[in-house]
Amino acid sequence: MKCNVAKILESGTILQEVNLNGWVRTFRSNRFIALNDGSTIKNIQCVIDFENTSEETLKRITTGAAITIKGVLSESQGKGQSVEVQVSEIKILGDSNPDEYPIQPKKHSFEFLRENAHLRVRTNTFSAVMRVRSALSFGVHKYFQENGFNYVNTPIVTGSDAEGAGEMFRVTTFEDNKAPVNEEGEIDYTKDFFGKETNLTVSGQLEAETFAMALGKVYTFGPTFRAENSNTTRHLAEFWMIEPEVAFMDLDGNMDLSEDFIKSVLAYVLENCKDDLEFLDQRLTQEEKSKPQAERSEMSLLEKLHFVVDNNFKRVSYTEAIDILRNSKPNKKKKFKYLINEWGTDLQSEHERYLVEKHFKCPVILFDYPANIKAFYMRLNEDGKTVRAMDVLFPGIGEIVGGSQREERYDVLVEKIKAMGIDEKELWWYLDLRKFGTAVHSGFGLGFERLVLFATGMSNIRDVIPFPRTPQNAEF
Ligand code: 4AD
Ligand code: MG
């Protein structure tokens, strides 16, 4: 039976027969193969009996080649590993021409690796990131399933703009320049595939609400799409979002849920991805050394993760945050790109990061934002000018979660929809929830890649998703 490297190293049973498939990372002295099979960041050393191996086979053991070996696990004579495989049989399954293979056993830049995204997962850093990503997504399902939530799959093609921001990708079967037009000269979507204008979803929230108002506690975990032209290290045009939605829960419950959820998922990877996180911790420490002292992080990756799991998030109202920012050094010295002068301005990521990294030095939940900078569905407070919104802000990331208590009052919601210039007819089914058995309910959206960024200590969101989609880039 085939085994894998992770299991073998875990058991460490000497003299066991092993049967392994994998890829050659390095081959030195015509004897020692560092073999990796993706089950762990660790390679296993395979020692070739070169006297009994043909010249031709030895030549074909090159970096990147796929091989299968038989052998016996032995105590290692050399330094660097406690066990190794004494190989009795080796077969080359797939050659890898060393003159052409782009992934050489040396340090490659992340830019270069992005251009080779189909091969970059064969490097230590990317394989570690992708295993952590996988574990995080299991942690997400585990948390919700163990806490009584139902997983709901909301549609990817939608006719509504959940965030009302108009940053959507159109879905159509009209051929180029052949879209039919109506009497007003506008494109006639009634003749399109779905008989209406449709787009890729920006959020599953509106549909998730319909399920929460029947199943009580639900969550989505699926792809979302935003056609915003943001070329930053934190934005993707296609990203994965997790959106819990809970009936009979108010904003305080929502804040508790978001904090408990994030801590639980991070604790899960701390427990289950020790080798990968240790590797990523060291990688980050190395990277930090190349930065000027003032810009270096005070904590290592593992320290940061433990810090978040072990400490309470600070909860602060938008109004308090504005006061702090207005009186902050970078504001007074005009160091912010966008200066904070008055109540009501939207916060930029520089402000969010100041609050988290410099002022509070811990994750922060900001709540009760001005109504006019937030989406139409958020519950209006008694003051008539703020809504029950909440954003969770993280060090190095800025906003990681956006959520709210939803407006459950029919009349108030209709007013807001009208005031924001949204066609209320489009949202008839959403308004129905407020007509039939309405109740307080809340939820939030967590950008999965932003969580992966935080958990792995990577600095560019393009490096934590297998094949990033960003403006001007949809290769692979
Ligand atoms: O704050 P947002 O826009 O909230 C919503 O979409 C709500 N409907 C969620 C809800 O209440 N159910 O997005 C939620 C999160 C952000 O906090 C951020 O982490 C992530 O989604 N996000 C992005 N991640 C990567 N690339 C982008 N372009 C993102 N836009 C938002
Ligand atoms: Mg937001």
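Criteria and cut-off values
- Residues numbered from 1 in each chain as written.
- Chains lettered and ligands numbered in written order.
- Predicted model: local features only at pLDDT ≥ 70, side-chain atom pairs only at ≥ 80, totals over all residues.
- Heavy atoms only, no water.
- Core = buried A, V, L, I, M, F, W, Y, C linked by side-chain atoms within 4.5 Å.
- Buried < 20%, exposed > 50% of the residue type's maximum accessible area, 1.4 Å probe, protein only.
- Contact = heavy atoms within 4.5 Å.
- Domains from an automatic or database assignment.
- Buried area = accessible area lost by both parts, 1.4 Å probe.
- Salt bridge = Lys/Arg side-chain N within 4 Å of Asp/Glu carboxyl O.
- Nonpolar A, V, L, I, M, F, W, Y, C, P; charged D, E, K, R; others polar.
- Near = heavy atom within 4 Å.
- Polar contact = N/O pair within 3.5 Å; in protein donor to acceptor, adjacent residues only side chain to side chain.
- Areas by Shrake-Rupley, 256 points an atom, 1.4 Å probe, with all protein chains shown as cover.
- Helix = DSSP H or I, 4+ residues; strand = E, 2+ residues; numbered from the N terminus.

All right, on to the nonpolar core then. Core analysis: the largest hydrophobic core is formed by 62 residues, its most contacted members being Leu 136, Phe 261 and Ile 262. Leave out the neighbours within four places in its chain, and Ile 262 touches Phe 313, Val 392, Phe 394, Ile 400, Val 401, Leu 446 and Leu 451. The next biggest cluster of nonpolar side chains, apart from the first, holds 33 residues, and it includes Tyr 377, Ala 389, Ile 417 and Tyr 430.

What follows covers the domain arrangement of the chain. The figure often quoted for interface size is the accessible area lost as the parts come together. As assigned here, the chain comprises domain 1 (5-101) and domain 2 (122-167 + 202-463). Tallying the contact residues gives eight residues for domain 1 and nine residues for domain 2. Roughly 680 Å² of surface becomes buried between domain 1 and domain 2 when both sides are summed, with 40% attributable to carbon and sulfur atoms. Interface area lost by domain 1 to domain 2 is led by Arg 25, Ile 41 and Tyr 101, which between them contribute 69%. Taken together, the links from domain 1 to domain 2 amount to one salt bridge. Note that Asp 275 and Lys 42 form a salt bridge whose closest N and O atoms lie 3.5 Å from each other. Taken together, the residues of the side of domain 1 that touches domain 2 sort by class into two nonpolar, four polar and two charged.

Attention now moves to the site of ligand 1. Taken together, 24 residues form the shell around ligand 1, and within it Glu 163, Gln 205, Arg 226, Glu 243 and Glu 399 come nearest. Separating a nitrogen atom of ligand 1 from a side-chain N or O atom of Glu 243 is a distance of 2.7 Å. Bound to the protein, ligand 1 loses 93% of the 620 Å² it would expose on its own. Listing elements by their share of the shell around ligand 1, those giving two or more residues are strand E11 (238-247), strand E15 (398-405) and strand E16 (441-447).

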